[in-house]
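Structural description and commentary
Residues per chain, in single letters:
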Amino acid sequence: MNFPISGVYVDPIALVVIGFLVGILGGFFGVGGGFLAAPFMFWVGVPMNFVVGTDLAHMTGKSIIAFKRHRALGHVDIKLGAFMIVGTMVGVEIGAQIIELLEAHESVDSVVGILYIVILLLVSAFTAYEAIRSLRMMNSEGMDVNEVVGFQGVAKRIKSIRIPPMVSFPRSGIEEISLWMVILVGLFTGLLAGMLGVGGGFIRMPMLVYVLGIPTHVAVGTDLFEIIFSAGYGTLTHALKGNVDIIMALVMQTGAAIGAQIGAVSTQYFSGPRIRLFFSVLPLFGALMVLLRLLGIVAV
Amino acid sequence: MEEENNTEQQVPFKQLIRNFLIEVAVYGVLLVVYFFVALRYLGDPLARLFDSNLLAYAVIGLGLIVVQAVVLESVTSLLFDFLGLHRLTSGTPKH
């Protein structure tokens with residue numbers, strides 16, 4: 001199929017399949033899935049300058065679909081997501097500025113890349129450790145499948161900080177928390193996303209669970225709510241630079257629609273710890289992609 | 001294991017797969033029609049807009065993505081419900 005905007009012929013079936021696979025991941029884990037979609041898009045012939053922007057456009061639509069399904073299931077805390085967006089947007093801008101400042105140094109790509117790999121490996125190892133611990137607690141102590149989290153120390157400390165204004169998030173089971181803590185979490189994930197040039201889903205979902213103490217299913221749905229805005233904003237900025245092929249994104253979205261529904265519905269069949277255990281594998285793929293990029297083996 | 005059995009009692013697995021395949025087939029037909037009708041006629045006007053006015057292209061492009069997402073969500077939800085896949089959403093069997 002000819003895509004007149006980017007001026008290339010790309011098999012639409014391949015784009016639909018990529019959308020479908022990334023849609024399942026997005027619906028199930030609440031991540032954007034750019035780490036998977038971008039290399040595949042490049043592989044099927046999407047020009048390099050269109051890969052990131054077009055992926056962001058498709059990610060926006062896919063997140064809307066998965067968000068709506070999660071919302072129907074009661075897995076979205078819109079109030080929490082809205083507060084976090086403020087921090088995320090500021091964080092993304094600060095992160096991008098830091099990168100611009102660092103670009104004067106030739107080694108910035110390597111330093112940021114290595115930092116990213118280390119962070120992802122730590123997230124993966126910690127999430128796997130905690131999820132396995134939670135599953136053991138579930139089995140041995142018969143704890144509530146929805147409540148069990150093997151690591152609650154940070155969340156308890158964060159909730160004990162009482163810097164006004166204090167807010168509550170009933171949907172997330174939070175009676176009271178300082179608004180600044182919520183914004184700070186958004187800021188931190190946005191900062192990393194801005195610095196590392198990737199979506200924050202890898203980091204945001206575990207942060208919501210371990211730092212704010214939110215149930216995994218709600219963390220997934222709320223993360224998707226945030227991605228709608230962050231990816232939508234990214235789509236606009238990339239489109240203004242001429243880096244988005246909307247037709248291509250619309251084609252990908254057709255596959256993502258059904259994938260996102262399947263992913264979102266599937267979350268009901270798995271407990272929080274099991275979702276976190278599966279999730280722990282994802283950052284490894286992200287780390288691998290960055291490593292391959294650093295080594296010059298893949299371009300995106 | 002008991003919870004898995006509950007799931008199977010809710011919707012027999014074979015029926016679930018059959019309905020899912022029907023959904024994919026119906027959805028596939030809709031996609032082919034959509035590709036040939038909508039995207040074919042959208043391509044050139046959007047390409048011209050891309051060359052002449054990037055701001056309008058960016059805004060309209062994002063609007064199209066949002067509108068298509070809402071429409072596709074409705075279509076896939078309708079298919080899910082119509083084919084009985086909605087029963088997946090009742091009850092919360094977890095393992």
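For the structure itself, consult the block above.
Quantities reported herein were computed from a predicted structural model and do not represent experimental measurements.

1. Observations concerning the overall build of chain A
- When helices and strands are tallied, chain A shows 12 helices and 4 strands.
- The C-alpha atoms of chain A give a radius of gyration of 19 Å, which matches the 19 Å a tight globule of 300 residues would have.
- Taken along its principal axes, the extent of the C-alpha atoms in chain A is 55 × 45 × 35 Å.
- For chain A, with 300 residues in total, the buried portion stands at 58%.
- For chain A, long-range pairs separated by at least 24 residues make up 77% of all intrachain contacts whose partners lie at least 6 apart in sequence.
- With the model as given, the accessible surface of chain A reaches about 11900 Å², and the carbon-plus-sulfur share is 68%.

2. Topic: the overall build of chain B
- A count of helices and strands for chain B gives 3 helices and 0 strands.
- Beginning at the N terminus, the succession of helices and strands in chain B can be written as α-α-α.
- Out of the 95 residues belonging to chain B, those deemed buried represent 34%.
- For chain B, the proportion of contacts with a sequence separation of at least 24, taken over those separated by at least 6, is 77%.
- With the model as given, the accessible surface of chain B reaches about 5800 Å², and the carbon-plus-sulfur share is 69%.

3. What about unusual backbone geometry?
- Here Pro164(A) and Pro165(A) are connected by a cis peptide whose omega angle stands at 5°.
- Within the secondary structure, Pro165(A) sits in the loop between helix 6 (153-160) and strand 3 (166-169).

4. Some points on the interface of chain B and chain A
- Each partner contributes to the interface: chain B provides 41 residues, whereas chain A provides 42 residues.
- Of the roughly 3600 Å² buried where chain B meets chain A, counting both sides, 74% is carbon and sulfur surface.
- Our enumeration of links across chain B and chain A arrives at 1 salt bridge.
- Close ionic contact of Glu73(B) with Lys68(A) constitutes a salt bridge, the shortest N to O distance being 3.5 Å.
- Put simply, chain B and chain A have 10 residue pairs in polar contact (both at pLDDT 80 or more) between them.
- Mapped onto the side of chain B that touches chain A, the elements with two or more residues apiece are helix 1 (2-10), helix 2 (13-52) and helix 3 (54-82) of chain B.
- A total of 18 residues in the side of chain B that touches chain A trace back to one element, the largest contributor, which is helix 3 of chain B.
- In terms of residue class, the side of chain B that touches chain A is made up of 26 nonpolar, 11 polar and 4 charged.

5. Describing the side chain of Glu226(A)
Residues and elements named next belong to chain A.
- The topology assignment puts Glu 226 in helix 9 (residues 216-240).
- Among the polar contacts made by the side chain of Glu 226, one reaches the side chain of Thr 88 at a distance of 2.8 Å.
- If near-sequence neighbours (up to four positions away) are discounted, Glu 226 is found in contact with Gly 81, Met 84, Ile 85, Thr 88 and Arg 204.

6. Brief notes about the packing of aromatic side chains
Residues and elements named next belong to chain A.
- With the rule as written, the count across this model stands at 12 aromatic pairs over all chains.
- When the centroid spacing of 4.9 Å and the interplanar angle of 85° are considered together, the rings of Phe 28 and Phe 29 count as edge-to-face. Of the two residues, Phe 28 and Phe 29, both sit in the buried class.
- Considering the side-chain rings of Phe 67 and Phe 225, the 5.5 Å spacing of their centres and the 35° angle between planes classify their relative orientation as tilted. You can see Phe 67 sitting in helix 3 (residues 48-72) and its partner Phe 225 sitting in helix 9, a full 158 residues away along the chain. For the residue pair Phe 67 and Phe 225, the accessibility class agrees, reading buried in each case.
- Lys 79 extends its terminal NZ or CZ atom over the ring of Phe 169, reaching a point 5.4 Å from the ring centre.

7. Quick look at the packing of helix 8 (residues 201-210) of chain A against helix 11 (residues 272-279) of chain A
All names here are of chain A.
- For the pair helix 8 and helix 11, the least separation of the axes is 12 Å and the interaxial angle reads 150°. The angle between helix 8 and helix 11 falls in the class roughly antiparallel. The crossing of helix 8 and helix 11 is left-handed. Within the contact between the two elements, helix 8 uses Gly 201, Phe 202, Met 205, Pro 206, Val 209 and Tyr 210 and helix 11 uses Ile 275, Arg 276 and Phe 279.
- Looking at the contact of helix 8 with helix 11, its residues break down into 7 nonpolar, 1 polar and 1 charged.

8. What to know about the side chain of Thr189(A)
- If you trace the backbone, Thr189(A) turns up in helix 7 (residues 179-196).
- Setting aside residues no more than four positions away along its own chain, Thr189(A) makes contact with Thr88(A), Ile203(A), Arg204(A) and Met207(A).

9. Structural notes on the pairing of strand 4 (residues 174-178) of chain A
Residues and elements named next belong to chain A.
- Bridge count for strand 3 against strand 4 is 3 bridges, and the pairing is antiparallel. Considered in strand 4, the bridge of Phe 169 is made with Ile 174.
- Taking the residues that link successive antiparallel strands as the turn, the strand 3-strand 4 hairpin has 4 residues, and the phi of Gly 173 there is positive, at about 75°.

10. Some words on the nonpolar core
Residues and elements named next belong to chain A.
- Core analysis: the biggest nonpolar cluster contains 95 residues, and Ile 177 and Leu 212 have the highest contact counts within it.
- At 12 residues, the largest contribution of residues to this core is made by helix 10 (residues 246-266).
- Apart from residues lying up to four places away in sequence, Ile 177 is in contact with Ile 158, Lys 159, Pro 165, Met 166, Val 167, Phe 169, Val 182 and Leu 212.

Analysis parameters
Residues numbered from 1 in each chain as written. Chains lettered and ligands numbered in written order. Predicted model: local features only at pLDDT ≥ 70, side-chain atom pairs only at ≥ 80, totals over all residues. Heavy atoms only, no water. Helix = DSSP H or I, 4+ residues; strand = E, 2+ residues; numbered from the N terminus. Rg over C-alpha atoms; globule rule 2.2 N^0.38 Å. Buried < 20%, exposed > 50% of the residue type's maximum accessible area, 1.4 Å probe, protein only. Contact = heavy atoms within 4.5 Å. Areas by Shrake-Rupley, 256 points an atom, 1.4 Å probe, with all protein chains shown as cover. Buried area = accessible area lost by both parts, 1.4 Å probe. Salt bridge = Lys/Arg side-chain N within 4 Å of Asp/Glu carboxyl O. Polar contact = N/O pair within 3.5 Å; in protein donor to acceptor, adjacent residues only side chain to side chain. Nonpolar A, V, L, I, M, F, W, Y, C, P; charged D, E, K, R; others polar. Phe/Tyr/Trp six-rings, centres within 6.5 Å; stacked < 30°, edge-to-face > 60°. Lys NZ or Arg CZ within 6 Å of the ring centre and 35° of its normal. Axes fitted to C-alpha atoms, helices over the stretch in contact; angles between N-to-C directions. Parallel < 35°, antiparallel > 145°, perpendicular 65-115°, else oblique. Left-handed = near helix turned anticlockwise from the far one by under 90°. Pairing = 2+ DSSP bridges. Core = buried A, V, L, I, M, F, W, Y, C linked by side-chain atoms within 4.5 Å.

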